[in-house]
Structure formats: structure tokens, C-alpha cells
Amino acid sequence: MSNTDPFAAIADPNRRFLLEELRRAPKTVNELAEGLPISRPAVSQHLKALLESNLVSVTSEGTKRIYTVNNRGFDKLNLWLDQFWA
């Protein structure tokens, strides 16, 4: 269940960067942290917000957590934005 407003989640530039990276390919926290000037724990906190807003999903592979864009999570954003082009 999503708890965070997806618009609030994407308001942060670091989170938008994470979404752009995940759009290209699924990645781990460590892989995502390489492209940002923030700590790995900070990346994890940003990913938590994106998870809570249903914009990303995560799967476990052994000890790794692999993050991907959750396309269905963007439905709420798309529905709201689409009203301006109808």
C-alpha cells in the first residue's frame, strides 16, 4: 500500500536521479550510490520513500536487493497529468 504522495517523492532531485538510473536498468543500492554525492544510507532512505509511494519495487537475490521502476506506480501520476491534455 502506498503511503507517500508520488508527487512529493519525485520532488527531490536525488530521487529523480534514482528513477532515471532505474529506468535504464535494475540496480542495487551500492550501484545507485556510485552516481550520487550522498551516502549509501541516504540512498536507502530515498529508495524507501520511492517504495512507499509505489514508484519502485524491490526483489531479493541472495543478499542483494535489486530495485526497479514500478510502472504501475506511475499510473496515479499519469492519470492526474493526462487531464491537462484531454
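Up top is the structure.
Keep in mind that this is a model prediction, so the values were computed, not measured.

1. Examining the side chain of N70
Along the chain, N70 turns up in the loop between β2 (64-69) and α5 (75-82). A polar contact is formed between the side chain of N70 and the side chain of N54, at a distance of 2.9 Å. Non-local contacts of N70, meaning those with residues more than four positions away in its chain, are made with N54, L55, V56 and S57.

2. Remarks on the pattern of salt bridges
Evaluation of the coordinates by the stated rule reveals 2 salt bridges. For R24, the salt bridge identified is with E21, shortest N-O distance 3.2 Å. One end of the pair, R24, and the other, E21, are both in helix α2 (residues 13-24), 3 residues apart, so they sit about a helical turn from each other. With a relative accessible area of 52%, R24 lands in the exposed category. Taking the shortest distance from any N to any O, the salt bridge between E21 and K27 comes out at 2.7 Å. We note that E21, like K27, is buried.

3. Re the nonpolar core
Formed by 15 residues in total, the largest nonpolar core has its most connected members in L18, V43, L47 and L50. Of all the secondary structure elements, the ones that give two or more residues to this core are α2, α3 (29-33) and α4 (40-52). When residues no more than four places from it in sequence are discounted, the contact partners of L50 are A9, R15, L18, L19, L55 and V56.

4. Describing a nonpolar patch on the surface
Together, W80, L81, F84 and W85 make up a nonpolar patch on the protein surface, roughly 510 Å² of accessible area in all. Topologically, F84 is positioned in the segment after α5.

Basis of the calculations
- In this numbering scheme, every chain counts its residues from 1 along its sequence in written order.
- With the structure being a predicted model, the display of local features is reserved for residues of pLDDT at least 70 and the display and counting of side-chain atom pairs for 80 or more, all residues being used for whole-chain, interface and lining totals.
- Here the side-chain values reflect all heavy atoms present in the structure, with hydrogen atoms and water set aside.
- Numbering goes from the N terminus for both helices and strands, where a helix is a DSSP run of H or I of at least four residues and a strand is a run of E of at least two.
- The term polar contact refers here to a pair of N or O atoms within 3.5 Å; inside protein, the definition further demands a hydrogen-donor-capable atom paired with an acceptor-capable atom, and it admits residues adjacent in sequence only when both atoms are side-chain atoms.
- Whether two residues are in contact is decided by their heavy atoms: any pair within 4.5 Å suffices.
- We define a salt bridge as a side-chain nitrogen of Lys or Arg found within 4 Å of a carboxyl oxygen belonging to Asp or Glu.
- Under the scheme applied here, a residue whose accessible area is under 20% of the maximum for its type counts as buried, over 50% as exposed, and between as partly exposed, the area being computed with a 1.4 Å probe on protein chains only.
- For the purposes of this section, nonpolar cores are sets of buried Ala, Val, Leu, Ile, Met, Phe, Trp, Tyr and Cys residues that join through side-chain atoms within 4.5 Å.
- Patch definition: residues with relative accessible area over 30% and no salt bridge; like charges joined within 9 Å; nonpolar side chains (Val, Leu, Ile, Met, Phe, Trp, Tyr) joined within 5 Å.
- Every accessible area reported is derived by Shrake-Rupley at a probe size of 1.4 Å, with residue values counting cover from the shown protein chains alone.

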